[in-house]
Amino acid sequence: MPYCSRCGVEVDNDVKKCPLCSTPIQILGSDNLTLGRYPDKPAPQPAPPRRNKKEQRRMAAIIITFGLLIPGSIAIAADLVVNKDITWGTYTISALIYIWVIILLPVLYYKTPVFTLMAYYLSTLLFLYSIEAFSGGDKWFRQLALPIITVTAILIAINFFIANRSAIKGINIFAFAVFSLGLECVGIEMALSLFLENTIRVWWSIMVLSATFPTGGLLLYLHYKTKKPLKAEKFFHI
Amino acid sequence: MKDKNWYRLDNAGKVYPAIITHRRTSLFRISATLAKPVHVGKLQKSLEIIMKRFPYFNVQIKRGFFWYYFETNEHTPTVERDSLYPCMAANVKKKRMYLFRVRAFNKRIAVEFSHVLTDGTGALIFLKTLLFQYFREIGIEANRESDPFIFDPGAKPNPGEYEDSFKKVFNKKIPFNRRQQRAFHLPENFDRVGRYNILTAIVPADTILAKSREYNVSLTDFLTALLIESYRQYCTDNLKPRRWKPIVVNVPVNLRPIFDSRTMKNFFLPIEPAIDPRLGEYTFEEIISKVHHYMRHEVDSKVLNQQITRNVKGEMYTFVRIMPLVLKNMVLPVIYNLLGENNYSGSLSNLGRITMPDELKEHIERFEFIPAPSTGLKTKAGFLSWGDKVYISFGRLTKDCPIERIFFRKMRKMGIPVKIENN
């Protein structure tokens, strides 16, 4: 082992000068050189870890909330300045609250889709009712909006249920969506005819049904024939 | 205690967040060099397992209005690669950052802890538990019961490990003890920011212990006296007498055995053996006997409690407590310099004799301790012993190393073989 001739201390085999006094130390032969005690380069400043999913969701909720507060307060201020009263501002506010609920619910309650769906249904009804109430509407909410929204919600819930229960999620989900589309049209026509003509009549939606059933049937056939799962997240990845 | 997801900083840790800079990172390091290269994947796994045992380290630092506080960190610490300059390039105050890190290089596993979080004893327990788990992962089982400082990775933390023991032992009624004197500081130039130069000396334990037994003192007393003597030599060799000042060496004392505490936060106090070179020329024998008797006088629970009381009272003043953090951050560095670094010339930490279960002894080559960088003292020292060797490490922020040179040359003159390594 080499020594420094001035300090008298022992040093590593591969050291070129004394760590204490910088006196050069002769290196004799290149065999049995020791492994470096430290890396050759300083490590860069480590970056803090990225936000995890929970923190990202929390952050998104804060940004959405304050992002929607800005147009809301601008609308109220403009309304107050121009009309000296809150008139059309109520529509903006209720629409913003509705948007807030629609965006925020899946962000925060992504683990409970049933609850989210129920909340969607109720908030949509509430939003439409508030529009009717503010505008002094003539009963279109009870006769038109309520039945259509209810039918839509029931169909979406059924679709969710089937999608959840089916072992292989693939084209069958599209098939049931197509079936529901036909049924939705029936519901819409019934509500419309009741509202416009005061009778329950099914006419043009029969055509839609006649088209959707074979289409859905074809998709179901393809699904059970091929039985290859089509991953929705793969297909629709952004 | 369990459902709480935030913790207060302890009395000693409260000052550190305010004084952290790029040079003074508050990080110190304990490392273990194994017999074989480290398997990083298994080390990572062991780290994840033992983190459940150390919830008080699984934290990030957050700014409160009045004080900083720890909040549970929802991420997982990862094993990082080592650097040429240990204890540097850390931003422990950033969000989601851990206040410690585990680094691996060739055969070495190193843990670097910020002093905000814990002191050397806490870090050593963490490293020993990590090593125990790592060896278990690679298939070497050992009997843990033989060592109380290796925690069972599967057990629940003891509530006593969370406590701020300073607050527990402090006694309002004892009077202050003001002994402040501006100490000598090394007039050396700093190296570039981000550089921390390490010198590690490997000394045979039996030779150096025999030498200290010659003077009838302990190894700590002997090395402290030798460090004071090196500063004295530096003054006489390089400076005119009017620039001489008292030479004070800061020797941190682990208070856990003295006050029977099992906290995993900071629980240490410095004691300050000193000589004043202006009073006349001290021989090495005189210094060593001064240090020896000073240590016996100071390491006493009642005298130490006086200092604890000073520190805790300072924190408990209503005026201090209601001062916003922004102001505290401006005031604390000044206080730290006035009461802390201005009064020391050097520092020597003692981690004592490291023990591991017998089954693991052959798999560990050595332990090393690197002190936290200090801008006031510029060079700090620490030592520990493992097996038949004593490892003395100096960490310095300066380019040149006059104190280290004098220190080790003196050691060589006493006939103690020294092997030096650096980064």
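Residues numbered from 1 in each chain as written. Chains lettered and ligands numbered in written order. Predicted model: local features only at pLDDT ≥ 70, side-chain atom pairs only at ≥ 80, totals over all residues.

### Considerations on the overall build of chain B
The test is simple: Strands are runs of DSSP state E lasting at least two residues, helices are runs of H or I lasting at least four, and both sets are numbered from the N terminus onward. C-alpha atoms define the radius of gyration, and 2.2 Å times the number of residues to the power 0.38 defines the globule rule. Backbone-placed C-beta atoms define the burial measure: a residue is buried with 20 or more other C-beta atoms within 10 Å of its own, exposed with 12 or fewer, and partly exposed in between. Here contacts are defined at the residue level, using C-beta atoms placed from the backbone and a cut-off of 7 Å between them.
Scanning chain B from N- to C-terminus turns up 13 helices and 16 strands. Over its C-alpha atoms chain B spans a radius of gyration of 21 Å, differing by no more than 12% from the 22 Å that the globule rule assigns to 423 residues. For chain B, the spread of C-alpha atoms along the three principal axes comes to 60 × 55 × 40 Å. Counting the 423 residues in chain B, one finds 44% classified as buried. Contacts spanning at least 24 positions in sequence make up 77% of the contacts within chain B whose residues lie at least 6 apart.

### A few points about the nonpolar core
All names here are of chain B. Which entries qualify depends on this criterion: Residues enter a nonpolar core if they are buried, belong to Ala, Val, Leu, Ile, Met, Phe, Trp, Tyr or Cys, and are joined to the set through C-beta atoms within 7 Å. Residue ranges assigned to the domains are those given by an automatic or database domain assignment.
Formed by 110 residues in total, the largest nonpolar core has its most connected members in Val 111, Leu 127, Leu 227, Ile 228 and Phe 408. Counting residues per element, this core draws most heavily on helix H3 (residues 120-137), at 10 residues. Each of two domains, domain 1 (6-142) and domain 2 (197-422), supplies a minimum of three residues to this core. When sequence neighbours within four positions are dropped, the list of residues in contact with Leu 127 reads Ile 30, Ala 32 and Val 111. Listed in part, the eight residues of the second largest apolar core include Phe 166, Phe 170, Phe 267 and Leu 269.

### Observations concerning the interface of chain A and chain B
We apply this condition: Here the term charged refers only to Asp, Glu, Lys and Arg, the term nonpolar to Ala, Val, Leu, Ile, Met, Phe, Trp, Tyr, Cys and Pro, and the term polar to all other amino acids, Gly among them. Pairing between strands is defined by DSSP: at least two bridges between the two strands are required.
With 24 residues of chain A in contact, the opposing surface of chain B contributes 33 residues. Of the residues belonging to the side of chain A that touches chain B, the class tally is 15 nonpolar, three polar and six charged. Pairing analysis gives two bridges linking strand S1 (residues 10-11) of chain A to strand S16 (residues 419-422) of chain B, with the strands arranged parallel. Bridged to Val11(A) within S16(B) is Ile420(B).

### With respect to the domain arrangement of chain A
Residues and elements named next belong to chain A. Taken domain by domain, chain A holds domain 1 (62-137) and domain 2 (140-238). Placing the centre of domain 1 and that of domain 2 at their C-alpha centroids yields a distance of 28 Å. Counting residues at the interface gives nine residues for domain 1, matched by nine residues for domain 2. Residues that form the side of domain 1 that touches domain 2 fall into these classes: six nonpolar, two polar and one charged.

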